[in-house]
Amino acid sequence: MKLGKVIGRVWADRKVKQLHSCRLHIIQPMTSNLRKKGKPLVVADPQNIAGSNDIVVYVTSTDATQAFDSGFAPVNASVVELVDSIY
Amino acid sequence: MFLAKVSKIVHSTAKHEAYSGKPVFIVQPIDPNGEPKGDEWVAVDYVGSGIGDIVVCGGAPGVAKDVFGLDLAPIRTLIMAIVDHIDYRDID
């Protein structure tokens, strides 16, 4: 999994049905001392965990589909934790 | 899998249920003689490691589901072993 900061949101009416009622955030990957690292990406938030400017943990690759209750969605990045603090 | 050093603890209350009750760490990948190499990862601990430990991390898709016995496990990076000793000789 990776750390990231929610820097934006994507709204889309027409999308695959698994993504209906699932927020799509734009996330900037960060290091643990909160410095930008790498390119922003779109991350699904099926558990409605994150809001704007939050620091989150997101899982990538096929494990990202496991964040959906159905266990399946055509995604490769999902939010799994809202970070309170890191030390 | 990769060698890494556990560097920080990630504290979180709002999370996917597969993460509840499991320690989550920041790990810094290292090469066999301990030099940091590569980007940090967030890893779920399964073997009781702590900050400063040298560990073996990694995971194939779906491994966490078996390891933790969950039916849904959005976990990719798992701390699988705490390293006691590394015997290693680089070849040029």
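Above this text you will find the structure in question.
Basis of the calculations
Residues numbered from 1 in each chain as written. Chains lettered and ligands numbered in written order. Predicted model: local features only at pLDDT ≥ 70, side-chain atom pairs only at ≥ 80, totals over all residues. Heavy atoms only, no water. Salt bridge = Lys/Arg side-chain N within 4 Å of Asp/Glu carboxyl O. Helix = DSSP H or I, 4+ residues; strand = E, 2+ residues; numbered from the N terminus. Buried < 20%, exposed > 50% of the residue type's maximum accessible area, 1.4 Å probe, protein only. Contact = heavy atoms within 4.5 Å. Buried area = accessible area lost by both parts, 1.4 Å probe. Polar contact = N/O pair within 3.5 Å; in protein donor to acceptor, adjacent residues only side chain to side chain. Patch = residues over 30% accessible without salt bridge, like charges linked within 9 Å, V, L, I, M, F, W, Y side chains within 5 Å. Areas by Shrake-Rupley, 256 points an atom, 1.4 Å probe, with all protein chains shown as cover.

### Remarks on the pattern of salt bridges
The full count for this structure, using the stated rule, is two salt bridges over all chains. Of the charged contacts, one joins Lys37 of chain A and Asp39 of chain B as a salt bridge, the two residues approaching to 3.2 Å between their closest N and O atoms. Of this pair, Lys37 of chain A sits in the loop between strand E2 (23-29) and strand E3 (41-45) while Asp39 of chain B sits in the loop between strand E2 (24-29) and strand E3 (41-45), placing the two residues on different chains. Of the residues examined, Lys37 of chain A reaches a relative accessible area of 41% and is grouped as partly exposed. Owing to a relative accessible area of 39%, Asp39 of chain B belongs among the partly exposed residues under this scheme. In this structure, Lys15 of chain B engages Glu81 of chain A in a salt bridge whose closest nitrogen and oxygen atoms are separated by 3.8 Å. With Lys15 of chain B in strand E1 (residues 2-15) and Glu81 of chain A in strand E5 (residues 77-86), the pair connects residues from two separate chains.

### Examining the interface of chain A and chain B
Across the contact, 28 residues belong to chain A and 29 residues belong to chain B. Between chain A and chain B the total buried area reaches about 2,400 Å² when both faces are included, carbon and sulfur atoms providing 53% of it. Counting the surface chain A buries against chain B, the share from its top three residues, Met1, Gln66 and Glu81 of chain A, is 29%. For the pair chain A and chain B, the interface holds two salt bridges. Where chain A packs against chain B, one counts 17 residue pairs in polar contact (both at pLDDT 80 or more).

### Quick look at the side chain of Glu81 of chain A
The buried category is assigned to Glu81 of chain A, whose relative accessible area is 1%. Among residues more than four places away in sequence, those in contact with Glu81 of chain A are Ile49, Ile55, Val56 and Val57 of chain A together with Val10, Ser12, Ala14, Lys15, Tyr19 and Val24 of chain B.

### Overview of a nonpolar patch on the surface
Residues and elements named next belong to chain B. Taken together, the side chains of Tyr46, Val47 and Ile82 present a nonpolar region at the surface, about 240 Å² in accessible area. Residue position: Ile82 is located in strand E5 (residues 78-82). Its relative accessible area of 33% is what places Ile82 among the partly exposed residues.

Interpretation note: all reported values are geometric properties and have no functional meaning in isolation.
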